[in-house]
Amino acid sequence: MAATAMNRRVILKDYVEGYPSEEHMELLPATEVPLRLTSDDPPGSVLVRNLYLSCDPYMRPKMSRPLRASYTAAFVPGSVITGYGVARVLDSSDPRLSPGDLVWGITGWEDYSVVKPPVTAFLSKISHGADGGVPLSYYTGILGMPGLTAYVGFHEICAPKAGETVFVSAASGAVGQLVGQFARLAGCRVVGSAGSAEKVELLKTKFGFHDAFNYKEEPDLAAALARCFPEGIDIYFENVGGAMLDAVLLNMRVHGRIAVCGFISQYNLKDDERDAVRNLSAVIAKRLKMQGFIEPDHKHLYPKYEEWVLPYIRDGTIAYVEDVAEGLESAPKALIGLFHGRNVGKQLVRIADDE
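Cut-off values and rules
Residues numbered from 1 in each chain as written. Predicted model: local features only at pLDDT ≥ 70, side-chain atom pairs only at ≥ 80, totals over all residues. Heavy atoms only, no water. Salt bridge = Lys/Arg side-chain N within 4 Å of Asp/Glu carboxyl O. Helix = DSSP H or I, 4+ residues; strand = E, 2+ residues; numbered from the N terminus. Buried < 20%, exposed > 50% of the residue type's maximum accessible area, 1.4 Å probe, protein only. Phe/Tyr/Trp six-rings, centres within 6.5 Å; stacked < 30°, edge-to-face > 60°. Lys NZ or Arg CZ within 6 Å of the ring centre and 35° of its normal. Pairing = 2+ DSSP bridges. Axes fitted to C-alpha atoms, helices over the stretch in contact; angles between N-to-C directions. Contact = heavy atoms within 4.5 Å. Core = buried A, V, L, I, M, F, W, Y, C linked by side-chain atoms within 4.5 Å. Expected span 1.5 Å × (residues − 1). Bend = angle between axes of the 7 residues up to and from the residue. Parallel < 35°, antiparallel > 145°, perpendicular 65-115°, else oblique. Left-handed = near helix turned anticlockwise from the far one by under 90°. Nonpolar A, V, L, I, M, F, W, Y, C, P; charged D, E, K, R; others polar. Polar contact = N/O pair within 3.5 Å; in protein donor to acceptor, adjacent residues only side chain to side chain.

Caption draft 1: Structural context of the pattern of salt bridges. For the structure shown, the criterion picks out 14 salt bridges. Between Glu156 and Lys304 there is a salt bridge; the shortest N-O distance is 3.4 Å. Here the residue Glu156 occupies a position in helix α1 (residues 145-157), and Lys304 occupies one in helix α7 (residues 302-314), the gap between them amounting to 148 residues. According to the relative accessible area criterion, Lys304 is partly exposed, its value standing at 45%.

Structural data, given as structure tokens:
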């Protein structure tokens, strides 16, 4: 008989309105699962042992009842939550992957996952793991989806030029901390906003931002931005939306560029509570480029990005801060913390050591 193991799973209990809580999720008692693929698993499936799970803001809209078209399907109540993670392959009928391979991509919030087509297309083999001087956990962040997101949004969409000014909101998070450092490397002047004095200090001392401010302490965001950018903003990396976007539009320079990565300030609001953006006429008046994007559309750029960023990681030029929660049972609390600003750096969950 094939070997078995006990598998715990985190499910979404029901659709969420407003702010999610830990009670919206449930860690189910462990059940026995085989450590081999079975005849019920379609060709191309991959069985993995999950090692790290990523907590990301885009997961909040997936908790809502699907009322409108979206680029990503909603979670199904009663089913395991899915997201990016790092895992070890135990069995595979995907010709790209073999038992023993380390991978990053979409997996389940559980100890063991059977990843089936077409989701297996989002599994990428890790070739620069711990033995190559890079922590495996980095593939939930700087070497995973957030890293490619930062690279694409800043370098491909915003096309920076040395000497330009850059503003990054939610700047201490998984993506923002990288955009700031990429901007510095490109010879730009970069300013970030964050939600605590600790995070503001981190931006200036750890990540090399030229300036930063606590948006919670600014009664007038437009005035704060004018203070930091007396001649205006060339590039804005948008993670927040709402009042911050409105204030930025007033402070953009002519022919400025805005890469729209996320609207975390709006994810927990009902439709009639969401902030209106009143200064969109600036897009015309200032001839701004404003483009939304998602990482899966740019997977083909990952090899280029990895080759570019790895030397900077290894020589310490780029720093990366992680906020690591321990154990699958801590995953719901870690995810909820994102929407209350509790994390410092990239939030992830370690559920097993790589053995």
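Caption draft 2: Geometry of the packing of aromatic side chains. Within this structure, the stated rule accounts for 15 aromatic pairs. When the ring of Tyr138 is compared with that of Tyr320, the centres are 5.8 Å apart and the planes differ by 75 degrees; the resulting orientation is edge-to-face. A residue pair is termed long-range when its members are at least 10 positions apart, and Tyr138 in the loop between β7 (124-125) and α1 and Tyr320 in the loop between α7 and β14 (322-326) qualify at 182 residues. Grouping residues by exposure puts Tyr138 and Tyr320 together as buried. When the ring of Trp308 is compared with that of Tyr312, the centres are 5.2 Å apart and the planes differ by 70 degrees; the resulting orientation is edge-to-face. With Trp308 and Tyr312 both in helix α7 and four residues apart, this pair spans about one turn of that helix. The exposure class of Trp308 is partly exposed, given its relative accessible area of 25%. An aromatic cluster of at least three residues, connected via ring pairs, comprises Tyr58, Tyr84, Trp104, Tyr151, Phe182, Tyr302, Tyr305, Trp308 and Tyr312. The positively charged end of Arg49 is found above the aromatic ring belonging to Tyr112, 4.8 Å away from the centroid.

Caption draft 3: Fine view of the sheet that holds strand β9 (residues 189-194). Taken in spatial order, the six strands make up an open sheet running β10-β9-β8-β11-β12-β13, and their pairing is parallel. Looking at strand neighbours, the two that pair on one side only are β10 (211-214) and β13 (289-292), the edges of this open sheet. Across this sheet, the average inter-strand angle for adjacent strands is 15 degrees, counted without regard to direction. Here strand β11 (residues 233-238) runs beside strand β12 (residues 252-260); their pairing, made up of five bridges, is parallel. Each residue of the ladder has a partner; that of Ile233, found in β12, is Met252. The sheet strands contacting α1 are β8 (165-168), β11, β12 and β13, and the helix crosses β11 at an angle near 155 degrees. Of the strands in this sheet, β9 and β10 are in contact with helix α3 (residues 197-205), which crosses β10 at around 170 degrees.

Caption draft 4: How the structure looks around the nonpolar core. Ranked by internal contacts, the top residues of the largest apolar core, which has 80 residues, are Trp109, Ile142, Leu143, Phe182 and Leu335. The leading source of residues in this core is α1, at seven residues. One finds Leu225, Cys228, Phe229 and Val260 within the second-largest nonpolar core, a separate group that totals 21 residues.

Caption draft 5: Examining the environment of Ala352 more closely. Along the chain, Ala352 turns up in the segment after β15 (346-350). Sequence spacing of Ala352 and Ala87 is 265 residues, and the spatial spacing of their C-alpha atoms is 9.3 Å. With residues up to four places along the chain from it excluded, the contact list for Ala352 reads Arg49, Asn50 and Leu51.

Caption draft 6: Region of the structure containing α7. For α7, which comprises 13 residues, the first-to-last C-alpha distance of 18 Å matches the rise-based estimate of 18 Å (1.5 Å per residue) to within 8%. In the structure, α7 departs most strongly from a straight axis at Trp308, where the bend amounts to approximately 25 degrees and where the proline Pro311 lies between one and four residues downstream. All buried positions along α7 are accounted for by Tyr302, Tyr305, Glu306, Val309, Leu310 and Ile313. Where α7 is buried, its residues meet β5 (102-108), α1 and α2 (176-185). Looking one or two residues beyond α7, the residue adopting positive phi is Gly316, at roughly 85 degrees.

Caption draft 7: Quick look at the packing of helix α4 (residues 221-228) against helix α5 (residues 242-251). The interhelical angle for the contact between α4 and α5, taken along N-to-C directions, is 45 degrees, at an axis separation of 8 Å. On the basis of the axis angle, α4 is oblique to α5. The hand of the α4/α5 crossing is right-handed. For the pair formed by α4 and α5, the contact residues are Leu221, Ala222, Leu225 and Ala226 on the first element and Ala243, Met244, Ala247, Val248, Leu250 and Asn251 on the second. In terms of residue class, the contact of α4 with α5 is built from nine nonpolar, one polar and no charged.

Caption draft 8: The side chain of Asp234, seen in detail. Position of Asp234 relative to the elements: it lies in strand β11. Of note is the side chain of Asp234, whose polar atom sits 2.9 Å from the backbone nitrogen of Thr165. Sequence-distant contacts of Asp234, that is, excluding residues within four places in its chain, are made with Glu164, Thr165, Met252, Arg253, Gly256 and Arg257.

Caption draft 9: Representation of the pairing of β5. Within β5, seven of the seven residues are buried, which leaves it mostly tucked inside the rest of the structure. Of the pairings in the sheet, the one linking strand β4 (residues 82-92) to β5 comprises seven bridges and is antiparallel in character. In the sheet register, Gly85 faces β5, and the bridge partner there is Gly105. Sheet analysis places β5 next to β7, joined by two bridges and oriented antiparallel. Bridge pairing in β7 places Trp104 opposite Ser124.

Caption draft 10: Representation of α1. Counting buried positions over the 13 residues of α1 gives 11, a clear majority of the element. Within α1, the full set of buried residues consists of Met145, Pro146, Gly147, Leu148, Thr149, Ala150, Tyr151, Val152, Gly153, Phe154 and Ile157. Where α1 terminates, the next one or two residues include Ala159, which has phi positive at roughly 45 degrees.

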